[in-house]
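Examining the three-dimensional arrangement
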Amino acid sequence: MIILGIETSCDETSAAVVRDGRVESNIVSSQRCHSAFGGVVPELASREHERLIVSITDSAVTEANITKNELDVIAATAGPGLIGAIMVGLCFAQGLAYALGKPFVPVNHIEAHIFSPFINDGEAHHAPRGSFVSLTVSGGHTLLSVVAHDLSYEVIGRTLDDAAGEAFDKTGKMLGLPYPAGPEIDKLAAKGDRGFHKFPRALTSQSQTSKSYLGNFDFSFSGLKTSVLTWLQKQTPEFIELHLADIAASIQWAIVSVLVEKTILAARSRGIKSVSIAGGVSANSGLRKAMKEACDKECITLYIPGTVYSTDNAAMIATLAGVKLSRGMQAEHSYNIAPYASFAAGRRKAGLK
Ligand code: KG4
Ligand code: ZN
């Protein structure tokens, strides 16, 4: 089965071809037009997607050495994300499916991230046989879930305010870094001292105020943001410039140590020996290293997507569409956009409804 995946939920325009579960092409174009604004401007994102969607799709099909007529299924992100941005990819994909007389499969963006560590890009990465704990950390979401082999999953924790990626981007903006600041902080942190300043870690064992963190898998990053802002206001520009790498490393460590502590606690409390990380923030080298060390200590197997599959990409959309079809999901001819996340706590089956 040959599936074309389309992803336009935020600021990456992407198209990919997956043949029998294996990635044949994955073209990703990251929009640069937002960097001057310190965040994604929704209208600009939609316009950029519209400008690029046809050529990116053509490139994905050409790189896979096929013609559009050979496609069996067209899949696209249906949400959550920016409504106008999703609309561009979703309408394009549905129009293409209609024109080619092929079925269409809508895919939930976050579910696609959850399964991204198991993308086959020439090398098979099988999901664990039993359940695994998934930490899904992106610019808009921070979710801890327990995922079963049958693709059903239970959300056990989420952010109460900012997402982890947002914490990177907004504190990075305070340091004068361009959007998205996550990768910039990552690079700077590699040269800095993470113990330079201790920023707060809300809802964890290291939190000064909360004693009820045990068994609570929710996250909170808005306090960290405020703490960085007020601390920076007390420093001179010269001091900040001199210690930029140390400050970046301290911010990164504050975020990473919370993510690692909660994930390990979740695995321990459920007696689960497999953990995965996914979403844009899972590209962070500090998180990858710290999570690996913590998992090794607990004899937990860690599953991580290749960095190209951490941030938004269409390979994960086409891959999950294939998995869903193989599990009996019916393709549709049309589907309405679903821009808002609805991850009510409780068990649900990925896209199988
Ligand atoms: O999954 P993603 O590409 O898009 C969303 O679905 O949101 O995630 C984007 C987020 C941004 O906040 C970006 O700063 C962050 O992922 N990110 C990183 C790194 N690479 C991307 N954060 C920290 N370190 C990185 N290396
Ligand atoms: Zn994403």
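Located above this text is the structure these notes cover.
Computed from a predicted structure; not experimentally measured.

Parameters and conventions
- Within each chain, residue numbers correspond to sequence positions counted from 1 in written order.
- Whichever chain is written first becomes A and whichever ligand is written first becomes 1, with later ones labelled in order.
- Side-chain atom pairs in this predicted model are given and counted only at pLDDT of 80 or more, local residue features only at pLDDT of at least 70, and totals for whole chains, interfaces and linings cover all residues.
- For side-chain calculations, the full set of non-hydrogen atoms in the structure is used, while hydrogens and water are omitted.
- Accessible area is worked out with a 1.4 Å probe on protein chains only. A residue is then buried under 20% of its type maximum, exposed over 50%, and partly exposed in between.
- Only DSSP runs of H or I with at least four residues qualify as helices, and only runs of E with at least two residues qualify as strands; both kinds are numbered from the N terminus onward.
- Between any two strands, at least two bridges found by DSSP are needed for them to pair.
- Comment: axis = line fitted to C-alpha atoms, over the contacting stretch for helices; angle = value between 0 and 180 degrees taken between N-to-C directions.
- When checking whether two residues touch, look at their non-hydrogen atoms; a contact exists if any pair is within 4.5 Å.
- By the criterion applied in these results, polar contacts are pairs of N or O atoms within 3.5 Å in which, for protein atoms, one can donate a hydrogen and the other can accept it, and in which residues neighboring in sequence qualify only through two side-chain atoms.
- By this rule the span expected of a helix is its residue count minus one, scaled by 1.5 Å.
- Each metal site lists N, O and S donors within 2.8 Å (3.2 Å for Na, K and Ca). With water left out of the atoms, a site can look as if it is missing ligands.

**Quick look at the pairing of strand S8 (residues 152–158)**
Where burial is concerned, most of S8 is hidden: five out of the seven residues are buried. With five bridges joining them, strand S7 (residues 142–147) and S8 adopt antiparallel strand pairing. By the bridge assignment for S8, Leu144 is matched with Gly157. Between S7 and S8, which follow one another and run antiparallel, lie four residues, and Leu151 among them has a positive phi close to 80 degrees.

**Quick word on the sheet that holds strand S2 (residues 12–19)**
Across the sheet, five strands lie side by side as S3-S2-S1-S4-S5; this open sheet has mixed pairing. The outermost strands of the open sheet, each flanked by one partner alone, are strand S3 (22–30) and strand S5 (104–108). Strand-to-strand twist in this sheet, taken as the mean axis angle between neighbours without regard to direction, amounts to 20 degrees. Judged from the six bridges that link them, strand S1 (residues 2–7) and S2 form a sheet pairing that is antiparallel. Across the sheet, the residue bridging to Gly5 is Ala16, located in S2. Contacts between helix H2 (residues 83–100) and the sheet are confined to S1, strand S4 (73–79) and S5, with S4 contributing the most and set at about 160 degrees to the helix.

**Side note on the side chain of Asn26**
If you trace the backbone, Asn26 turns up in strand S3. Among the polar contacts made by the side chain of Asn26, one reaches the main-chain amide nitrogen of Ala315 at a distance of 3.2 Å. Look past the residues within four positions of Asn26 in its chain and what remains in contact with it is Ser14, Ala15, Ala16, Val308, Tyr309, Asn313, Ala314 and Ala315.

**Considerations on H2**
For H2, built from 18 residues, the straight-helix expectation of 26 Å at 1.5 Å per residue is met to within 8% by its first-to-last C-alpha distance of 25 Å. Along H2, the positions that sit buried rather than exposed are Ala85, Ile86, Val88, Gly89, Leu90, Ala93, Gln94, Leu96 and Ala97. As for H2, its buried residues are in contact with S1, helix H1 (42–63), S4 and S5. Within two residues after H2, Gly101 carries a phi angle of roughly 70 degrees, on the positive side.

**Considering the coordination of the zinc ion (ligand 2)**
Six octahedral donors at a metal ideally form angles of 90 or 180 degrees, and four tetrahedral donors ideally form angles of 109.5 degrees. Those donors, His109 (NE2), His113 (NE2) and Asp312 (OD), are the protein atoms that reach the zinc ion (ligand 2), and they lie 2.0 to 2.1 Å from it. In terms of primary sequence, the donors binding the zinc ion (ligand 2) are separated according to H-x3-H-x198-D. Residue His109 and its partner His113 are located together in helix H3 (residues 109–115), separated by four residues, close to a single helical turn. His113 shares its class with His109; the two are buried.

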